[in-house]
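Below are the chains, spelled out letter by letter.
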Amino acid sequence: MSGTLRLGLALLCSAVLVDLLLILPNHPNALRWPALTVVPLELPVLLLGMLALGGHARPLALVATAALTLMTALKLADLSAYAAFGRGFDPLADMHLVPAAAHLLHGSAGLAGALAVGAALVLLLGGAMVLLYRALRLWARSGSRLPRGLRYVAGGTALVFALLCAAEIRTALNGWQGWRPPGSAFTARLGAEHIRDFARSRVALAEFERAAAEDPWSRRAGLLSKLEGRPVVIVFVESYGRAAFDNPLYAPRHLETLEAGEGALAQAGLAMRSGWLSSPVQGGQSWLAHATLASGVQVSDQRRYRALLASQRQTLFTLAAGAGYRTMAVAPAIVMDWPEGPAMGFQEIRAAADLGYRGLPFNWVTMPDQYTLAAFDRIAAGQNAPLMTEIALISSHAPWTPVPRMVPWAAVGDGSVFDAEATSGPSPKEVWADPDRIRDHYGRSLDYALRTVLSWAALTRAEPPLIIVLGDHQPAGFVAQAGGKDVPVHLIGAPEVLRLFDGWDWASGLRPAAAQEAWPMRAFRDRFLDATSEPGAEVRADGS
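1. Thoughts on the packing of helix α5 (residues 148–174) against helix α6 (residues 186–213)
Phase 1: Put simply, α5 and α6 touch, their axes get as near as 9 Å, and they point 40° apart. If you check the angle between α5 and α6, you find them oblique. Crossing of α5 against α6: the hand is right-handed. Between α5 and α6, the contacting residues are Glu168, Ile169, Ala172 and Leu173 on the first element and Ala188, Arg189, Ala192, Glu193 and Arg196 on the second.
Phase 2: Among the residues making up the contact of α5 with α6, the classes are represented as five nonpolar, no polar and four charged.

Here's what the structure looks like:
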């Protein structure tokens, strides 16, 4: 084989290596053969740039090797995070997951298996780095042999493709709707997005750290003392918003349900107060509303959510645990690992698989709300310490079909009693083909959720808990059609407990006053702590 042919094959193999690293996806769903057809705009920038610089290309080769190796590591981290948690990897907020993943690997594969996987990753990235640098240097050495004119042409072409990369990055970062370049600068764009998101996450993290440092409740004694150890249950009703009161499509049905619920609760000797909160979101991302309520700071997007988790800000549940409560999350929508749970202050997490449901799912909805509440009662009965619990109900989550029916509480059992409803009714495709039908099914699903939670709250208990029922957010705009981002909130409990909240001036009963000003959802934590805690001195750093 001639030297020219060997050089040509070496250049081709080097180009293929660089191409594969550039087109490596960062999402499991993209790990398919069509990914190999992507044309990376960065490829001619790197290779032709090496040709153009020739013997002066070593600094660029070092920088390019380091950058592309780092992006390969980030893509692998994204792949792992998407596979495990359904989201990408945030270098600022997710670094705590690295030792957690190593611990999990050690527990499942043993020390030898964990070391083998770690060594394989090091060899993979280290080998890629060495081969990548050698590939770029090979193109640079080849450029040294070219006439100056050809190197100028290579440099000019590389510059053109660099401008195309910049155009695509601008399109991605700024939402520019103009001309879109051919090919894809996927790796460069992903790197720019990571840099942008990292900067924004640092700003949000700094904000939350300031809020943590200035949080008077983290240093207060006597937290929740006025409750005298009474259980507290915060129940989020999915997509329960002000539209239930303001939209004539929904109001008559829901107001009738609330009126009947008022009667049952009063007969059980319970008092009620109702007001409005303004959610940070609408139409989805319930966890952002949950985090806002618990933390007392505005968590309006995923970046701020991750920054909150990485900060020292204490949530209502963290503070409750310090006050002697056992904190629990009951989350029937969670079907994968939820590493964020402990950071939110939950000492115990009961996800879908932990609730013992043996019935059929209701499409996306893993179990009906009545089963979730009955399962919580069984779990709570075995607890010694007072509980502060967050329950996230999901029967009123889209696609809102089929709609469950209530059964006697004694008949709930393992949930198989609901199987007939789980397989009845129209399919999601049939419902979502007609906007009017969507709204009708939303209204019926929400009414089921309200009837269920109010019936559950009225059950006879030796010590009635303080129950806080609220919406997480309004449904999507085309469904809500009224009410903005406001959601109702109801306090239900023994009369002597609800007297703690008389200063809130909320309406008596389950119907909030239409003119009542909505509090920002972030205000709830501090006002709740203020109402339920004895005035006390700050606890010094030495605990005295």
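The discussion continues.
2. Observations concerning the pattern of salt bridges
Phase 1: Within this structure, the stated rule accounts for 15 salt bridges.
Phase 2: A salt bridge links Asp246 to Arg242, with the nearest nitrogen and oxygen atoms 3.3 Å apart.
Phase 3: By relative accessible area, which is 39% here, Asp246 ends up partly exposed.
Phase 4: Residue Arg444 is joined to Asp440 by a salt bridge in which the shortest nitrogen-to-oxygen separation is 3.4 Å. Of this pair, Arg444 and Asp440 are both found in helix α16 (residues 435–457), four residues apart, which corresponds to roughly one turn of the helix.
Phase 5: With a relative accessible area of 33%, Arg444 lands in the partly exposed category.

3. Regarding the packing of helix α1 (residues 3–23) against helix α2 (residues 42–53)
Phase 1: In the contact formed by α1 and α2, the axes pass within 10 Å of each other and the chain directions differ by 145°. The crossing of α1 and α2 is right-handed. Between α1 and α2, the contacting residues are Ala15, Val18, Asp19 and Leu22 on the first element and Glu42, Leu43, Leu46 and Leu47 on the second.
Phase 2: Counted by class, the contact of α1 with α2 contains six nonpolar, no polar and two charged residues.

4. Looking at helix α8 (residues 251–267)
Phase 1: The end-to-end C-alpha separation of α8 is 24 Å, in line with the 24 Å expected for 17 residues at 1.5 Å each.
Phase 2: Along α8, the positions that sit buried rather than exposed are Ala251, His254, Thr257, Leu258, Gly261 and Leu265. Projection of α8 onto a plane perpendicular to its axis shows the buried side chains occupying an angular sector of 130°, all on one side. Residues Pro252, Glu256, Glu259, Ala260 and Gln267 are exposed on α8 and point more than 90 degrees away from its buried face.
Phase 3: Buried residues in α8 make contact with α7 (243–246), β2 (271–278), α16 and β7 (486–493).
Phase 4: Looking one or two residues past α8, Gly269 carries a phi angle of roughly 80°, positive in sign.

5. Notes on a nonpolar patch on the surface
Phase 1: A cluster of nonpolar residues, Leu5, Leu9, Leu12, Val16, Leu20, Trp33 and Leu36, forms a patch on the protein surface that exposes about 720 Å² of accessible area.
Phase 2: Mapped onto the elements of the fold, Trp33 is located in the loop between α1 and α2.

6. Section: the pairing of β7
Phase 1: Counting buried residues in β7 gives eight out of eight residues, a clear majority hidden from the surface.
Phase 2: Burial of the side chains of β7 extends over both faces: Asp486, Pro488, His490 and Ile492 are buried on one face and Val487, Val489, Leu491 and Gly493 on the other.
Phase 3: The pairing of β2 with β7 spans eight bridges and is classified as antiparallel. Across the sheet, residue Arg273 finds its bridge partner in β7, namely Leu491.

Rules and cut-offs
Residues numbered from 1 in each chain as written. Predicted model: local features only at pLDDT ≥ 70, side-chain atom pairs only at ≥ 80, totals over all residues. Heavy atoms only, no water. Axes fitted to C-alpha atoms, helices over the stretch in contact; angles between N-to-C directions. Helix = DSSP H or I, 4+ residues; strand = E, 2+ residues; numbered from the N terminus. Parallel < 35°, antiparallel > 145°, perpendicular 65-115°, else oblique. Left-handed = near helix turned anticlockwise from the far one by under 90°. Contact = heavy atoms within 4.5 Å. Nonpolar A, V, L, I, M, F, W, Y, C, P; charged D, E, K, R; others polar. Salt bridge = Lys/Arg side-chain N within 4 Å of Asp/Glu carboxyl O. Buried < 20%, exposed > 50% of the residue type's maximum accessible area, 1.4 Å probe, protein only. Expected span 1.5 Å × (residues − 1). Arc of directions from axis to C-beta. Patch = residues over 30% accessible without salt bridge, like charges linked within 9 Å, V, L, I, M, F, W, Y side chains within 5 Å. Areas by Shrake-Rupley, 256 points an atom, 1.4 Å probe, with all protein chains shown as cover. Pairing = 2+ DSSP bridges.

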